[in-house]
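Close look at the chain arrangement
Here's the letter readout for the chains.
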Amino acid sequence: MYKEVQLVIQDQIAIITINRPKALNALNTDVFTDLIQLFGNDLPKQDLRGVIITGSGNKAFVAGADIKEFLTLDNDKAMALSQRGQDIFMTIENFHVPVVAAVNGFALGGGCELAMACHIRVAGRSAKFGQPEVNLGIIPGYGGTQRLAQLVGKGKAMELILTGDMIGSEEAERMGLVNKVCDDQDVLEETIKILNKICTKAPLAIRESISAINAGFNQDGFKAEVTSFGRLADSADFKEGALAFIEKRKPNWKGC
Ligand code: CAA
């Protein structure tokens, strides 16, 4: 069904594995087609509580865009490729349930950009991050110049992108690029733990949080927060949340 990714759904969590271990899971045309199919269409609209993106094998999350596909690029084709990458990563960033990157190994170039498009990043201790595009005479093209600065600040983003340096996961965590570092073999388990915790919260509030946080990085974030807050106040769960607090019990979320 998919050429270069695998999908497993367990306990209402979709685990998407980029599956090109021989190419360190580099993002080629087929991976993008599969991701568009998944996020645009195939992932369940109901009863899905979270998504995990990871890479096959233990060497790489994703080592970047597929450099082998760069050979035939001209100006128009490069702009189209960059736009396609940005569009799919934007879809992931705005997905209605949390998307967590389980980073096992190299997350470089487009791989770091994919991880940054996810809402949260969990990394193994030996994972490596970087935007090494300057080594290839290009720049990050899938939103990396924007999201890296959002996550680590302008100065560190400048340093990482201009030097093309790779950093370890602990340094990435100190910078705010990674949310949590754990032993390599525990990455998936830790990622599921975070999602399980989020899954106990009110689904509509989670959806609106994602939407409001993202809006702050576009233009009208404050306005969006007010709009989301107003929308939530109309929901049954908003009332249930307030009532449960008053009655000193656990809320029973309905997702409506
Ligand atoms: N594209 C295509 N193939 C890749 C790849 C990539 N980004 N990264 C690794 N591979 C392939 C290698 O060509 C190699 O294939 P062969 O066995 O057929 O030769 C295989 O994966 C294993 O890689 P290495 O032998 O290089 O493994 P290593 O352990 O010596 O080095 C590495 C690992 C440091 C990650 C190195 O592979 C590397 O530097 N990869 C490229 C990283 C990079 O520059 N990423 C940015 C791409 S550009 C981008 O992403 C732009 C954008 O924003 C749009």
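Residues numbered from 1 in each chain as written. Predicted model: local features only at pLDDT ≥ 70, side-chain atom pairs only at ≥ 80, totals over all residues. Heavy atoms only, no water.

In this section: helix α10 (residues 236–246). Along α10, the residues that are buried comprise Asp237, Glu240 and Ala244. Each buried residue of α10 sits inside an arc of 55° when the element is viewed along its axis, so together they form one side. Facing away from the buried side of α10, by more than 90 degrees, are the exposed residues Phe245 and Ile246. Against the buried residues of α10 lie α8 (203–216). Backbone geometry just downstream of α10 places Lys248 in the positive-phi region, at approximately 55°. (Buried < 20%, exposed > 50% of the residue type's maximum accessible area, 1.4 Å probe, protein only. Helix = DSSP H or I, 4+ residues; strand = E, 2+ residues; numbered from the N terminus. Arc of directions from axis to C-beta. Contact = heavy atoms within 4.5 Å.)

The geometry of an aromatic ring pair is captured by the separation of the ring centres together with the interplanar angle, meaning the angle of the planes. Here the structure, examined in full by the defined rule, presents four aromatic pairs. Ring geometry for Phe32 against Phe89: centres 6.1 Å apart, planes inclined by 85°, an arrangement best described as edge-to-face. Taken together, the residues span a long stretch of sequence, with Phe32 in helix α1 (residues 29–42) and Phe89 in helix α2 (residues 75–93) at a distance of 57 residues. Judged by its relative accessible area of 1%, Phe32 falls in the buried class. Judged by relative accessible area, which is 0%, Phe89 ranks as buried. Note on Phe89 and Tyr142: the rings are 5.6 Å apart at their centroids and 80° apart in plane angle, and the pair reads as edge-to-face. Of this pair, Phe89 sits in helix α2 while Tyr142 is found in the loop between β8 (128–130) and α4 (144–152), placing the two residues 53 residues apart along the sequence. (Phe/Tyr/Trp six-rings, centres within 6.5 Å; stacked < 30°, edge-to-face > 60°.)

So, about the site of the ligand. Of all residues adjacent to the ligand, which total 24 residues, the nearest are Lys59, Ala63, Ala65, Gly110 and Glu113. One of the backbone nitrogen or oxygen atoms of Ile67 is found 2.9 Å away from a nitrogen atom of the ligand. The side chain of Glu133 places a nitrogen or oxygen atom 2.9 Å from an oxygen atom of the ligand. Compared with its free state, where it exposes 980 Å², the ligand has 65% of that area covered by protein. Elements with a minimum of two residues in the shell around the ligand: β6 (106–108) and α3 (110–117). Across the shell around the ligand, the residue classes break down as 14 nonpolar, four polar and six charged. (Near = heavy atom within 4 Å. Polar contact = N/O pair within 3.5 Å; in protein donor to acceptor, adjacent residues only side chain to side chain. Areas by Shrake-Rupley, 256 points an atom, 1.4 Å probe, with all protein chains shown as cover. Nonpolar A, V, L, I, M, F, W, Y, C, P; charged D, E, K, R; others polar.)

So, about the pattern of salt bridges. Going through the model one piece at a time under the given rule, you end up with 11 salt bridges. Residues Arg20 and Asp66 are paired through a salt bridge, measuring 2.8 Å at the closest nitrogen-oxygen approach. Of this pair, Arg20 sits in the loop between β2 (13–18) and α1 while Asp66 is found in the loop between β4 (60–62) and α2, placing the two residues 46 residues apart along the sequence. Like Arg20, the residue Asp66 is buried in the burial classification. A salt bridge links Glu170 to Arg125; its shortest N-O distance comes to 2.8 Å. Note that Glu170 is positioned in helix α6 (residues 169–175) and Arg125 in the loop between β7 (120–124) and β8, a separation of 45 residues in sequence. Glu170 gets classed as partly exposed once you look at its relative accessible area, which sits at 37%. Residues participating in the shared-partner salt-bridge network are Glu4, Arg20 and Asp66. (Salt bridge = Lys/Arg side-chain N within 4 Å of Asp/Glu carboxyl O.)

Read these as layout, nothing more, since geometry by itself doesn't imply function.
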